[in-house]
Structure formats: structure tokens, C-alpha cells
Amino acid sequence: MTDHKVLIIDDEPDIRELLEITISRMGIETQSAKDVSSAIAALDENNFDLCLTDMKLPDGEGLEIIEHIQKHFPATPVAMITAFGSIETAINALKAGAFDFLNKPIDLDRLRELIDTALKVSVSGDVVEYSDQVQLLGNASTIESLRQKITKLSRSQAPVYISGESGSGKEVVARLIHANGPRGSKPFIPVNCGAIPSELMESEFFGHVKGSFTGALENKKGLFEAAQGGTLFLDEVADLPLPMQVKLLRAIQEKAIRKVGSNEEIPIDVRILSATHKNLAGEVEAERFRNDLFYRINVIELKVPPLRERTEDIPLLADFALAKLANEWQMEKPSLSKEALGILKSYGFPGNVRELENTLERAFTLCENNQITEQDLQLTVDAAVTENINSSLYEPQDPELAFGSLEDFLENMESKAIKLALEKTRWNKTAAAELLGMSFRQLRYRLKKLNLEE
């Protein structure tokens, strides 16, 4: 017997006995409860490494137990046992904090896989672990919050939909969820759904058998098989064609795949993480993405903030990027001039962290005397921030402005535009002038004319 202990909660004696025998044969101690009240009493009196609970109990529901464990024993994974095909119930359990779910009638192989995975969950995983390849840098409050969510989600098997703009770091987040969870030692398989030709998509995902179509010269494993025991990351999932969405939904729900040209079903044990820069709910509304698949992969949504919402992290990100480049190129790390750093902090970066890294790589190759200057960055006026300023300018004006003289109205608009630009650039006048499309001398003249000098 191991030191592990599992709590089984079910009001059917036959189910309890089946679970007790199966788990005991794995060398794991068990304890059983037949209802919510006795289960909570057992949880308060003992330490358990896993809890298995039925959904319907005589004095309540399994969701009550999940909520109790989440509140009082958050390190203990809990799996829900649901009626076969009750996907909505399973999803509600995952949203409430369940580690995973099992369908009735219980597949014993699937049960053993779930237990093995659950018992690997670290009871001390309070901090997101990093490697040299995977980093989530930043001290902004949004990043701290993201780290906490990654820690929590890494302990679950719930499908996670990672939303965010292109270049914001969605794959980094997916890799951290995988690496910090019980599947961390197993494969992480990323796939860009928009990069696979539609005619090859089924074969890429599910594999094929030799001779199943022209060009199928040998048996091939698909992405699901490659990710067996680990995580399949579906990047740009919104780009999947509708016919493939149907097949993907079936694979996720049935936890099984069928290779092209084969009638044999292959069981799969894969966690699904997905991402897109598109508005997936909008794609559903436009009928370009299936609602049932959206419901299945979007059990929990995790938003990655754009770089412009955490500009305080830019110096840290820039320093890390330059140090990495210097190490790769075996050169001394260059410094950033004060003006260059000001430009970086004022630029909107529509391409986010990826654009920042590309900008610095280009500047590194151009700079002289081992210092990156404003000119080396070659950043043009930020259209995103300019649009933001323009939209702010044309908000409804105060009633009295509409009836003032045209000159007063225009001066007010000009003053507002300059103030917005200065706020965006943290009162860096050089960067503000760049943002407004004027020279530094022109900006100084307008500041003086409008009595905006400090």
C-alpha cells in the first residue's frame, strides 16, 4: 500500500464497491461516504489525496462537495462521476473547480489513468515554475493575477481557452499551464490550426493508415496520439473549418479518435488548451464556429493582457530580450538610451511582446557604440494610440462648447489632444510630438500658446 488515500462518495453500494476494489488493487487506501454530510465529515477528519464524488446524492449534489473542497482543501483534487453523455453537468463541475470527470458506466482503464494523473498534482505548487525557454516576465498587477490563475489551472484537467491579441504570449501561458501540472513530463504539442491545409487536417489530427488515400505510403500518428498523456495546444482554433470542428468535438467528448482509413477507435488521454486572437464568441454568433465546440473548449477562459496595458513591464521585458540576443550572438548586451526607452514606453505595440522583441532585434543590429538610440528603433507614430486619442477627442463635448466661437472650440480640441498625448507618453515631450506627428519645436510653441507649459 502507498501513503495515498482516496475518498469515494456515492450512494450506490455497487459503485462504491467497484471503486474500492479497483483503487485498492492499485495499492491505494480508500474510504467511502454515501452522502454529502458524511463526506464533509470525513474530509474534516482525514487528509485525502483525491476525492471521487457522484453528482446526485441523497442529501445534495456533488457540486457542494467540490465547492467545500475548493474552499477548505484547495490542494485536494476532486473528480466528478456523471451520467453518460451528461456533458453540461461535467462542464459545470469543471467550472466549479473539479480536477476532471468520469462518465457512468465507469471505464476502469480511464479511472486508473485519472487517479495516476491526479496523484501527481503537487500539493505545494504555489509558484509558477519557469525554465530557460518559458518565461512570463512582468510585475504588473495583471501579470501577477495571471500567474495565480496559471497555478490554479495547472492543477486541473479542465479545457482552457486562452484569449488575447497576437504576440501577447498565449503559447507561453499554455506551456506554463502544462509544465506546472501533472502532465508536465509528458508531451506538449502545439498546432497552428490556420496553417494546416483543410484537405490534410483530419490526417494531421488523427493520423492515417497506409493506403487510405493517394500518398498514404505508411501508417502515420496524428497530433492527438503524439500528445498522448500530455497536452494538445490548439492555437488559432477559430481558423478550423466547420467540418473539422465536428470531428474535433467528437474526439474531445468521446476521448477517442479514429485514424483516416481505419474503423478502430483509439482511446486518448489528452488535455486540450486552445487560443485565438479572434473574438471566438463573435465567430460563434457569425456561425463560423460551432456553439457546441465553443461550449466544450471554453470551460474556463484565461485572458492575456496586451503589452500597452502593462507598460511598466517594458524596461524589464526589453532588458531580458536584449540579454537573450546578446547571449545568442555572443556579443555584449547594448544599453537603451533614455529617449529610446521613452519611445518604447509610449508606443502602443499592436504586435505586443513579439513586436517588442522584433523591434529590439532590429535595433541591436543597427546600433553603434553599444547603445540603442531613438533612431535605431525606427518606430513610426503608433496608429493604435493615435486612434485612441482621436476617439477620445470626438467624444460628446460639453454643451457650452458647442455654442462658443470656432476659435475657442478648435483651441480646446488642440489642448485636449496635446494633454492626451502627454499623458500617454508620461509627459515625455519628444515622444508626444512624435505621437502627434509634429516636431518638438512645434509642440513647444503650442504648449506655450495654450498655456500648457509646466
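Anyway, here's the lowdown on the structure attached to this text. As the structure is a computational prediction, the values presented were derived from the model and not from experiment.

## With respect to the overall build of the chain
Then comes step 1: Across its full length, the chain holds 20 helices and 16 strands.
Then comes step 2: A buried classification covers 48% of the 454 residues belonging to the chain.
Then comes step 3: Sequence separation of at least 24 residues holds for 68% of the intrachain contacts in the chain that already meet a minimum separation of 6.

## So, the nonpolar core
Then comes step 1: Ile65 and Ile162 are the most contacted members of the largest nonpolar core, which totals 45 residues.
Then comes step 2: With residues up to four places along the chain from it excluded, the contact list for Ile162 reads Lys170, Val173, Ala174, Ile177, Phe233, Ser274, Ala275, Thr276, Leu302 and Val304.
Then comes step 3: The next biggest cluster of nonpolar side chains, apart from the first, holds 32 residues, and it includes Leu234, Val237, Leu248 and Ile272.

## A closer look at the packing of helix α3 (residues 62-72) against helix α4 (residues 87-96)
Then comes step 1: Remark: α3 packs on α4, axes separated minimally by 9 Å, with the N-to-C direction vectors making an angle of 15°. With respect to α4, the axis of α3 lies roughly parallel. Considering the relative orientation of α3 and α4, their crossing is right-handed. Across the interface between the two elements, Leu63, Ile66 and Gln70 of α3 pack against Asn92, Ala93 and Ala96 of α4.
Then comes step 2: Partitioning the contact of α3 with α4 into residue classes produces four nonpolar, two polar and no charged.

## Quick notes on the sheet that holds strand β10 (residues 231-235)
Then comes step 1: With parallel pairing, five strands are arranged side by side in an open sheet as β9-β10-β13-β8-β14. Edge positions in the sheet fall to β9 (188-192) and β14 (300-303), since each of these pairs with one other strand and no more. Geometrically, the sheet is characterised by an average inter-axis angle of 20° between neighbouring strands, direction not taken into account.
Then comes step 2: The sheet contact formed by strand β8 (residues 160-163) and β14 spans four bridges and is parallel. Considered in β14, the bridge of Tyr161 is made with Glu301.
Then comes step 3: Sheet contacts for helix α6 (residues 141-154): β8, β13 (271-276) and β14; angle to β14, the most-contacted strand, approximately 150°.

## Description of unusual backbone geometry
Then comes step 1: The step from Lys104 to Pro105 runs through a cis peptide bond, and the omega angle for that step is -5°.
Then comes step 2: Assignment of secondary structure puts Pro105 in the loop between β7 (100-104) and α5 (108-118).
Then comes step 3: Of note in the backbone geometry, Glu236 takes a positive phi value of approximately 50° without being a glycine.
Then comes step 4: Phi at Lys255 takes a positive value of approximately 55°, unusual for a residue other than glycine.
Then comes step 5: Residue position: Lys255 is located in the loop between α10 (242-254) and β11 (256-258).

## Focus on the packing of helix α13 (residues 314-329) against helix α15 (residues 352-366)
Then comes step 1: One way to put it is that α13 packs onto α15 with a least axis distance of 10 Å and a crossing angle of 50°. For the element pair α13 / α15, the angle class is oblique. When you trace α13 past α15, the crossing you get is right-handed. Between α13 and α15, the residues in contact are Leu317, Ala318, Ala321, Leu322, Leu325, Ala326 and Trp329 and Val353, Leu356, Glu357, Leu360, Glu361, Phe364 and Thr365, respectively.
Then comes step 2: Looking at the contact of α13 with α15, its residues break down into eleven nonpolar, one polar and two charged.

## Quick word on the environment of Tyr347
Then comes step 1: Along the chain, the position of Tyr347 falls in the loop between α14 (338-346) and α15.
Then comes step 2: As for Tyr347 and Thr311, which are separated by 36 residues in sequence, their C-alpha atoms are 9.2 Å apart.
Then comes step 3: Engagement of the side chain of Tyr347 in a polar contact is seen with the side chain of Glu355, the distance being 2.9 Å.

## Quick notes on the sheet that holds strand β6 (residues 78-83)
Then comes step 1: Across the sheet, which stays open at both edges, the five strands sit in the order β2-β1-β3-β6-β7 with parallel pairing between neighbours. The open sheet has two edge strands with one neighbour each: β2 (29-33) and β7. Put simply, the sheet's adjacent strands are angled 20° from each other on average, direction ignored.
Then comes step 2: In this sheet, β2 lies alongside strand β1 (residues 5-9) in parallel orientation, the contact comprising five bridges. If you follow Val6 over to β2, its bridge partner there is Thr30.

## A look at the pattern of salt bridges
Then comes step 1: For the structure shown, the criterion picks out 21 salt bridges.
Then comes step 2: The closest approach of N and O atoms between Lys259 and Glu225, which form a salt bridge, is 3.3 Å. Taken together, the residues span a long stretch of sequence, with Lys259 in the loop between β11 and β12 (265-267) and Glu225 in helix α9 (residues 223-226) at a distance of 34 residues. The residues Lys259 and Glu225 share a single accessibility class, namely buried.
Then comes step 3: In this structure, the salt-bridge partner of Lys278 is Asp239, at a minimum N-O distance of 2.9 Å. In this pair, Lys278 is assigned in the loop between β13 and α11 (280-285) and Asp239 in the loop between β10 and α10, connecting sequence segments 39 residues apart.
Then comes step 4: Overall, the relative accessible area of 31% leaves Asp239 in the partly exposed class.
Then comes step 5: Connected via shared salt-bridge partners are Asp10, Glu12, Asp54 and Lys104.

## Some points on helix α2 (residues 36-45)
Then comes step 1: The set of residues buried in α2 consists of Val36, Ala39, Ala42 and Leu43. Axial view of α2: buried residues confined to an arc of 125°, hence all on one face. Counted as exposed and oriented over 90 degrees from the buried face of α2: Asp44 and Glu45.
Then comes step 2: As for α2, its buried residues are in contact with β1, β2, β4 (56-57), β5 (60-61) and α3.

## As for the pairing of β6
Then comes step 1: Counting buried positions along β6 yields five of six residues, so the element is predominantly enclosed.
Then comes step 2: Looking at chain direction, strand β3 (residues 50-54) and β6 are connected through four bridges and run parallel. Bridging from a neighbouring strand, Thr53 pairs with Met80 of β6.

Conventions and cut-offs
Residues numbered from 1 in each chain as written. Predicted model: local features only at pLDDT ≥ 70, side-chain atom pairs only at ≥ 80, totals over all residues. Heavy atoms only, no water. Helix = DSSP H or I, 4+ residues; strand = E, 2+ residues; numbered from the N terminus. Buried < 20%, exposed > 50% of the residue type's maximum accessible area, 1.4 Å probe, protein only. Contact = heavy atoms within 4.5 Å. Core = buried A, V, L, I, M, F, W, Y, C linked by side-chain atoms within 4.5 Å. Axes fitted to C-alpha atoms, helices over the stretch in contact; angles between N-to-C directions. Parallel < 35°, antiparallel > 145°, perpendicular 65-115°, else oblique. Left-handed = near helix turned anticlockwise from the far one by under 90°. Nonpolar A, V, L, I, M, F, W, Y, C, P; charged D, E, K, R; others polar. Pairing = 2+ DSSP bridges. Polar contact = N/O pair within 3.5 Å; in protein donor to acceptor, adjacent residues only side chain to side chain. Salt bridge = Lys/Arg side-chain N within 4 Å of Asp/Glu carboxyl O. Arc of directions from axis to C-beta.

Any functional reading would require information that these geometric values do not contain.
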